[in-house]
Amino acid sequence: MRTLCASTLIGEFFVIGFAGLVAMKTSGLSMGTVWTVSGIAMGLCVLLCGLLSSPGAVQIGWALQIGLVLSGFVVTTMFFLGAVFAGLWWASVHFGRKVDEAKARFAASSATSPDAA
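In this text the structure is predicted, and so the values were computed from the model without any measurement. Just so you know, the residues in each chain are numbered from 1, in the order the chain's sequence is written. Only residues with pLDDT of at least 70 are given local features in this predicted model, and only at 80 or more are side-chain atom pairs given and counted; all residues enter the totals for whole chains, interfaces and linings. Side-chain descriptors were evaluated using all non-hydrogen atoms of the structure, hydrogens and water having been removed beforehand.

Student: Any chance you could break down the packing of aromatic side chains for me, citing the residues and the numbers?
Tutor: To describe a pair of aromatic rings, you give the distance between the ring centres and the angle between the ring planes. Only centres within 6.5 Å qualify two rings of Phe, Tyr or Trp (six-membered ring in Trp) as a pair; their planes then separate them into stacked at under 30 degrees, edge-to-face at over 60, and tilted for everything else. According to the stated counting rule, one finds 3 aromatic pairs in the structure shown. Plain terms: the ring middles of F73 and F79 are 5.0 Å apart, the flat faces sit at 85° to each other, and that makes the pair edge-to-face. The class for F73 is exposed, based on a relative accessible area of 67%. Given a relative accessible area of 33%, F79 falls into the partly exposed group. Taking the centre distance of 6.0 Å and the plane angle of 80° together, the rings of W90 and F95 count as edge-to-face. The classification of residues rests on relative accessible area computed with a 1.4 Å probe and restricted to protein chains. Under 20% of the type maximum is buried, over 50% is exposed, and intermediate values are partly exposed.

Written as structure tokens, this is what we have:
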């Protein structure tokens, strides 16, 4: 799960940065406000990459997804991109857990196999 979720978060990092550039030019918000909010969100993406195995990290990731969708009120395209990344986050968590379970089953069967050395 960690690899898939981290990949999604790194993609979001770049999208948030580019959305910040768009917001700086098209919204009535000050440059400081845009980059404070964008910087916090980008920092959270990077921080979550390292904390994905911690309890609560997935829930914080969901909060980030909601924030990404809500950023559409500043940059309209973010409604669509936020929804896309929320879908990617769901897929990363869902299928990542399935892969982790399959790996654990394989490791358990390999450890108990009489052919294991």
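Student: Before we move on, can you summarise the UniProt feature "transmembrane region" (unreviewed entry) in the protein with the specific residues and values?
Tutor: UniProt positions are given in the numbering used here, feature names are shortened, and annotations may be inferred rather than shown by experiment. UniProt records the feature "transmembrane region" (unreviewed entry) at residues 35-54 and 66-91, using the numbering of this structure. For residues 35-54, the end-to-end C-alpha separation is 28 Å, with 85% helix and 0% strand making up the annotated structure. Comment: elements are numbered from the N terminus, with helices defined as DSSP H or I runs of at least four residues and strands as E runs of at least two. The annotated region residues 66-91 carries 77% helix and 0% strand content, and the separation between its end C-alpha atoms amounts to 16 Å.

Student: How would you explain the side chain of E12 if you had to name every residue and give the values?
Tutor: Looking at where E12 falls in the secondary structure, it is placed in helix α1 (residues 2-26). For E12, the side chain forms a polar contact with the side chain of Q65, separated by 2.8 Å. Any two residues whose heavy atoms approach within 4.5 Å at even a single point are treated as in contact. In this structure E12 touches C45, L64, Q65, L68 and F85, once residues within four positions along its chain are discounted. Any pair of nitrogen or oxygen atoms within 3.5 Å is treated as a polar contact; in protein, a donor-acceptor pairing is required on top of that, and neighbouring residues in sequence qualify only through side-chain atoms on both sides.

Student: Describe α1, and please don't skip the residues or the numbers.
Tutor: Take the residue count of a helix, subtract one, and multiply by 1.5 Å to get its expected span. Along its 25 residues, α1 runs 35 Å from first to last C-alpha, staying within 8% of the 36 Å computed at 1.5 Å per residue. Among all positions of α1, only C5, A6, T8, L9, E12, V15, I16, G17, A19, G20 and A23 are buried. Next to the buried residues of α1 lie α2 (31-51), α3 (57-70) and α4 (77-112).

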